[in-house]
Amino acid sequence: MRFYDITVPLSSKTPTYPGDPGIEIHQWASLEKGDGANVSLLNFGAHSGTHVDAPAHFISGAAKVDSLWLDSLIGEALVVELPADRNQIDDEFIAANVPDDAERVLFKTRNSGFWGQEEKTFHADYVYLEPEAAHRLVEIGIKLVGIDYLSIEQFRTENHPTHLALLSEGIVILEGLDLSEVRPGHYELICLPLKIAEGTGDGAPARAVLREL
């Protein structure tokens, strides 16, 4: 049995979506300075690195991250790989590659290659999910959809149609995955976002792991 950690490490060098807070990690207390313990101070947005989008991210009054069902976050997941020359996931691709009995699907694209680059900069040309494809996933009955970059939506898209198509149906969005070491196929997904009980509940960083079946 093999596990794959598909979580992007958080550091001050990890890119964030333009307009979101940067990641800051400071030493609050230090053994080297004579304190009784090492204690780090973390400062970053809820959508940093590998993270979950809850419906409350774009829908007022919708479910918050601390109320997401574990049934959506844990279970069999299908990893689907796109050809390197594909810039978007469209309805036709979903119809040909995601079976009707799928419950969780993770899209491996050329985006995963961004995480291993020495220069940690945001890439606006990431592969994204088209709104029509999102509606197709809704029809299938998907519980969770994941992608290997910081947003599932095309960069700077107005009104967020892809997010709304999924979140309005209670589908969890998992963004910021690193699937570079994972082959296409069926796995068990274990995704546990931080249970943040204050704020708007829009999302939270998560540790995401795949286990071979």
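The structure presented is a predicted model; accordingly, all values stated were derived computationally and were not measured. (Residues numbered from 1 in each chain as written. Predicted model: local features only at pLDDT ≥ 70, side-chain atom pairs only at ≥ 80, totals over all residues. Heavy atoms only, no water.)

Draft legend 1. Local environment of a nonpolar patch on the surface. A cluster of nonpolar residues, Trp-28, Val-39 and Leu-41, forms a patch on the protein surface that exposes about 330 Å² of accessible area. Relative to the helices and strands, Leu-41 resides in strand β3 (residues 39-43). (Patch = residues over 30% accessible without salt bridge, like charges linked within 9 Å, V, L, I, M, F, W, Y side chains within 5 Å. Areas by Shrake-Rupley, 256 points an atom, 1.4 Å probe, with all protein chains shown as cover. Salt bridge = Lys/Arg side-chain N within 4 Å of Asp/Glu carboxyl O. Helix = DSSP H or I, 4+ residues; strand = E, 2+ residues; numbered from the N terminus.)

Draft legend 2. Layout of empty space enclosed by the protein. Inspection of the entire model under this criterion finds 1 cavity of 30 Å³ or more. Within this model, the largest cavity holds a volume of roughly 30 Å³. For the largest cavity, the full set of lining residues is Pro-15, Phe-114, Trp-115, Glu-119, Lys-120, Thr-121, His-123 and Tyr-149. For the lining of the largest cavity, a count of residues per class yields 4 nonpolar, 2 polar and 2 charged. (1 Å grid on protein atoms, 1.4 Å probe; cavity = no way out; pocket = protein on both sides within 12 Å on 5 of 7 lines; lining within 4 Å. Points joined across faces, edges and corners; volume = space filled by probe spheres on them. Nonpolar A, V, L, I, M, F, W, Y, C, P; charged D, E, K, R; others polar.)

Draft legend 3. Layout of the nonpolar core. Core analysis: the biggest nonpolar cluster contains 25 residues, and Phe-107, Leu-129, Leu-137 and Val-145 have the highest contact counts within it. Where this core is concerned, the elements lending two or more residues are β5 (74-81), α2 (91-97), β7 (104-108), α3 (131-140), β9 (144-147) and α4 (161-167). The dominant element in this core, judged by the number of residues it contributes, is α3, at 4 residues. With sequence-adjacent residues up to four places away left out, Leu-129 is seen in contact with Ile-89, Ile-94, Phe-107, Ala-134, Leu-137, Ile-147, Ile-152, Thr-162 and Leu-166. Core analysis: the next-biggest nonpolar cluster, separate from the first, contains 23 residues, Ile-6, Val-52, Tyr-187 and Ala-204 among them. (Core = buried A, V, L, I, M, F, W, Y, C linked by side-chain atoms within 4.5 Å. Buried < 20%, exposed > 50% of the residue type's maximum accessible area, 1.4 Å probe, protein only. Contact = heavy atoms within 4.5 Å.)

No statement about biological role is implied by the geometric values presented.
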